[in-house]
Amino acid sequence: MDLYQTLTEMWPSLWPTLAAIGVILAFVPVLGLYMTFIERKLAAYVQDRIGPNRVGPFGLFQAIADGIKIFLKEQIIPDHVYTFIYFVAPTISLMTAMFALVVMPFGPVPVDYQEGFRFVVAPGIDIGILFMFAISSLSAYGIILGGWASNNKYSLYGAIRSCAQFISYEIPLGLSIIGVIAISGSLNLEKIVAAQGGSIWDWNVFWQPLAFIVFFTSALAETNRLPFDLPECEQELVGGFHTEYGGIKFVLFFLAEYTHIVTVSFLTALLFLGGWHFPGLTGPVDGSLGGMLLRTFVLVAKVGGVVAFIMLLRWALPRFRFDQLMGLAWKGLIPLGLINLVLVAIVLTLELPKHLLAGTALLLFVAAVFSSYQLQRSMNQTVNARALNNGVRGVSA
Amino acid sequence: MTTKREKTVKWGEEPKIGWVEAMYLPAVMSGVATAVRHAFSGKPMTRQYPDVEPEIPPNYRGVHRLNRDEAGRVKCVACYMCQTACPANCIEIIAAPAPKDDPHWKDRDKYPATFTIDELRCIYCGMCEEACPVDAIELTSIYDLTGLSREEMVFDKEKLLSVFDKTVQSGKDPVRTNRGVLGPASEEAQSAKQGPPPPGRGRHG
Ligand code: SF4
Ligand code: SF4
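Residues numbered from 1 in each chain as written. Chains lettered and ligands numbered in written order. Predicted model: local features only at pLDDT ≥ 70, side-chain atom pairs only at ≥ 80, totals over all residues. Heavy atoms only, no water.

### A closer look at the domain arrangement of chain A
Residue and element names in this part refer to chain A. Note the threshold: Domain ranges listed in this record stem from an automatic or a database domain assignment. We call two residues in contact when some of their heavy atoms are within 4.5 Å. The term buried area refers to how much accessible surface (probe radius 1.4 Å) is lost by two components on association, counted for both of them together. We define a salt bridge as a contact between a side-chain nitrogen of Lys or Arg and a carboxyl oxygen of Asp or Glu at a distance within 4 Å. By the criterion applied in these results, polar contacts are pairs of N or O atoms within 3.5 Å in which, for protein atoms, one can donate a hydrogen and the other can accept it, and in which residues neighboring in sequence qualify only through two side-chain atoms. Numbering of helices and strands starts at the N terminus; helices are DSSP runs of H or I of at least 4 residues and strands are runs of E of at least 2.
Entries for chain A in the domain assignment read domain 1 (2-354) and domain 2 (358-397). Inter-centroid distance (C-alpha atoms) of domain 1 to domain 2 is 35 Å. Each partner contributes to the interface: domain 1 provides nine residues, whereas domain 2 provides seven residues. Together, the buried faces of domain 1 and domain 2 total about 670 Å²; carbon and sulfur atoms form 85% of this surface. Run the count over domain 1 and domain 2 and you get zero salt bridges. At the junction of domain 1 with domain 2, the criterion picks out zero residue pairs in polar contact (both at pLDDT 80 or more). Secondary-structure elements contributing two or more residues to the side of domain 1 that touches domain 2 are α7 (204-207), α8 (209-222) and α12 (322-350). Among the elements that line the side of domain 1 that touches domain 2, the one with the most residues is α12, at four residues.

### With respect to the environment of lysine 10 of chain B
All names here are of chain B. Under the convention used in this document: Think of it in three bands: residues with accessible area under 20% of the maximum for their type are buried, residues over 50% are exposed, and the middle band is partly exposed, with areas taken using a 1.4 Å probe on protein chains only.
Counting through the fold element by element, lysine 10 comes out in the segment before α1 (25-39). Take lysine 10: its relative accessible area is 81%, and that puts it in the exposed class. On a C-alpha basis, the gap between lysine 10 and glycine 147 in space is 51 Å, while along the polypeptide they are 137 residues apart.

### Some points on the packing of helix α10 (residues 247-271) of chain A against helix α11 (residues 289-316) of chain A
All names here are of chain A. What counts here: For helices, the fitted axis covers only the stretch in contact; all axes are lines through C-alpha atoms, and the angles between them, taken along N-to-C directions, range from 0 to 180 degrees. Here the angle decides the label: under 35 degrees means roughly parallel, over 145 means roughly antiparallel, 65 to 115 means roughly perpendicular, and every other value means oblique. It is the rotation of the near helix from the far one that decides the hand of a crossing: anticlockwise by less than a right angle makes it left-handed, clockwise makes it right-handed.
Direction vectors running N to C along α10 and α11 enclose 120 degrees, while the axes themselves pass 8 Å from each other. Judged by the inter-axis angle, α10 sits oblique to α11. For the crossing formed where α10 meets α11, the hand is right-handed. Packed against α10, whose contacting residues are Tyr258, Ile261, Val264, Ser265, Phe266, Thr268, Ala269 and Leu270, the element α11 presents Leu299, Lys302, Val303, Val306, Val307, Ile310 and Met311 at the interface.

### Let's talk about the layout of surface pockets
Residues and elements named next belong to chain A. Formally: Cavity means a closed set of points on a 1 Å grid over the protein atoms alone, one where a 1.4 Å probe fits but cannot get out, pocket means an open set with protein on both sides within 12 Å along at least 5 of 7 lines, and lining means a residue has an atom within 4 Å of a point. Grid points are joined across faces, edges and corners, and a volume is the space filled by probe spheres set on the points. Residues were grouped as follows: Ala, Val, Leu, Ile, Met, Phe, Trp, Tyr, Cys and Pro as nonpolar; Asp, Glu, Lys and Arg as charged; and all remaining residues, including Gly, as polar.
Within this model, the second largest pocket holds a volume of roughly 630 Å³. Taken together, 24 residues form the lining of the second largest pocket, with Leu31, Val262, Phe266, Val300 and Val303 sitting closest to its centre. Of the residues contributing to the lining of the second largest pocket, the split by class is 20 nonpolar, four polar and no charged.

### Considering the interface of chain B and chain A
Listed by partner, the interface residues are 32 residues for chain B and 28 residues for chain A. Carbon and sulfur atoms make up 68% of the surface buried where chain B meets chain A, a total of about 2600 Å² over both sides. If you look at where chain B meets chain A, you find one salt bridge. With a shortest N-O distance of 3.3 Å, aspartate 51 of chain B and arginine 54 of chain A are connected by a salt bridge.

### Structural notes on a nonpolar patch on the surface
Residue and element names in this part refer to chain A. As a reminder, the rule being used: Patch members must show over 30% relative accessible area and no salt bridge, and they are joined within 9 Å when carrying like charges or within 5 Å when they are nonpolar side chains of Val, Leu, Ile, Met, Phe, Trp or Tyr. To be clear on the numbers: accessible area is Shrake-Rupley with a 1.4 Å probe, and residue cover counts the displayed protein chains and nothing else.
On the surface, a nonpolar cluster with roughly 770 Å² of combined accessible area is contributed by Phe58, Leu60, Phe61, Ile64, Ile68, Phe71 and Leu72. Here leucine 72 is to be found in the loop between α2 (62-71) and α3 (83-99). On the basis of relative accessible area, leucine 72 is assigned to the exposed category, the value being 69%.

### Quick notes on the pairing of strand β3 (residues 110-118) of chain B
Side-chain positions along a regular strand alternate between the two faces of the sheet. Residue and element names in this part refer to chain B. As a reminder, the rule being used: For two strands to count as paired, DSSP must find a minimum of two bridges between them.
Of the strand pairs in this sheet, strand β2 (residues 91-97) and β3 are connected by seven bridges, and their pairing is antiparallel. Residue pairing in the sheet places glutamate 92 in a bridge with threonine 116 of β3. One ladder, built from two bridges, connects β3 with strand β5 (residues 154-155); its direction is antiparallel. Considered in β5, the bridge of aspartate 118 is made with valine 154.

### Side note on the pattern of salt bridges
All names here are of chain A. The full count for this structure, using the stated rule, is eight salt bridges over all chains. A salt bridge links arginine 40 to aspartate 66; its shortest N-O distance comes to 3.2 Å. Taken together, the residues arginine 40 in helix α1 (residues 3-46) and aspartate 66 in helix α2 connect sequence positions 26 residues apart. With relative accessibility at 37%, the residue arginine 40 sits in the partly exposed group.

### What to know about the side chain of serine 155 of chain A
The topology assignment puts serine 155 of chain A in helix α5 (residues 153-184). Beyond its immediate chain neighbours, meaning those up to four positions away, serine 155 of chain A contacts Gly147, Ser150, Gly240, Phe241, Thr243 and Glu244 of chain A.

### Considering the nonpolar core
Selection rule: Only buried Ala, Val, Leu, Ile, Met, Phe, Trp, Tyr and Cys residues count toward a nonpolar core, and they belong to the same one when joined by side-chain atoms within 4.5 Å.
Membership of the largest hydrophobic core comes to 87 residues, with the highest contact counts inside it found for Ile129, Tyr169, Leu189, Phe215, Phe228, Leu267 and Leu271 of chain A. No other element matches the twelve residues that α10 of chain A contributes to this core. Counting contributing residues per domain, this core is built from domain 1 (2-354) and domain 2 (358-397) of chain A, each supplying no fewer than three. With residues near it in sequence (within four places) discarded, leucine 267 of chain A still touches Met104, Ile129, Met132, Phe133, Leu189, Phe215 and Phe272 of chain A. Formed by 28 residues, the second largest nonpolar core is a distinct cluster that contains Cys82, Trp105, Ile117 and Leu160 of chain B.

Here it is as structure tokens:
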């Protein structure tokens, strides 16, 4: 059998995949560029400024101008870098970020995958979300290699931070979605969305608020966004892991970061916010064009909302200190994730009504914070008493 | 909590956090609310600079000008006060006796043959105009000084006089301006001819 024959036979199942890949490849860079624009505009509005408004109406072509400028920039390769790794690192970063989009439905996908175009590159992957987490964690390699290859203290320090951050936040991230998976009974993203297809109260966020909080916080940390952007905090580390990168290589890192944000927003929308479902737009996906478009719009609107929220958070919160960052993961999010997991297990095993979860989870959250707060206080008092004996200044209660 | 501390040392206290704040989420949400409120306030503070020029206060210290007297001559009497006072050493004057046979100059003794200010070295401190006894040199509110070469930025007498003409035309006189008689050093000669200077015109008036 020659290649041509194989291709013609595979064509009916091949072209939707190719089309979906094409869509992703075309949209990711444009999206990345325009997200920088939107972010700049949003930042400007939050800070009572106007933002970019010189290129085109409302500055809309600013993103394109930026893109052209950065492509035409001189390629500077510092003398002291490990050249091979230096070039590979940004590529790995973007590649893994794009790879994660393979199982991501960016529009409604029916659970019975019929022929024709579908809004996902690889539909029906039964380990979809596992795949996604596994791949997107690999993007840490891009950062670490980039920091290492730069042969620069600041870059390396940024890389080390990001390494530690990734390791810590993978755990609560995983813990938080186990509850969702347990109730949906599938790792398949399309099925998880389909499980939220009833009324609005079926959305995971309403009966797993704790999981949502844990997930969103750790996901933010995974994207290296403020308030968790320690790997690249300008004040301490110059530019962090991309200090030595410029021009197109920097853009690759940059695109990777924004792709991550998109991925995280999609995941949030799909796992917790009901995916393409909306009051009045429930039930299984039908094949009609109008329904498809409407659902795509709903999903994209939700994702846009999450992205906007992430961008707003950047201007609302100060950056964490590194020990606080680690403390939040290990002392805050991981115990909370475990508590949530136990709750879900109890509810599922005893077959209690699942909406019981929401109230109990939130109650437990408050109780956990309260008790740990009191514990911290009493511990500080002990420390201070000891400090008083030694004549040094203690920590304040 | 009490700790032993030295009297002379001022300790900053860490702000106390209640357990509600220890939950983070309310604080995060109020932060986001502030951000959103600003985003929708619709009152940007931006000044669209090249399109809308700012109102520069008339006591601003910008580019220098050399004032002219009533006869249109350079008011400067080449006394070197400004050059001496200048902390940046950027004024250079070459004095010459005024051409006595020229009827236009017959009431003046001395005038600057050349007068240059290196605007790149200048720190715009205003000492020169403070020092000048006849208010011949002044700093204007022209702030957008640009040039393509260093030589271009060394202003000579003609250029400094043209700055005067420009500011007078556009009505952007510095508030310190006297633009009348030559000042205390020449007041006697002036008042002999014209009577006392009109009151309320500048700091000597
Ligand atoms: S403003 Fe100051 S530095 Fe500039 S010329 Fe006058 S005295 Fe010199
Ligand atoms: S102080 Fe005034 S009069 Fe004297 S040289 Fe300078 S500008 Fe001329």
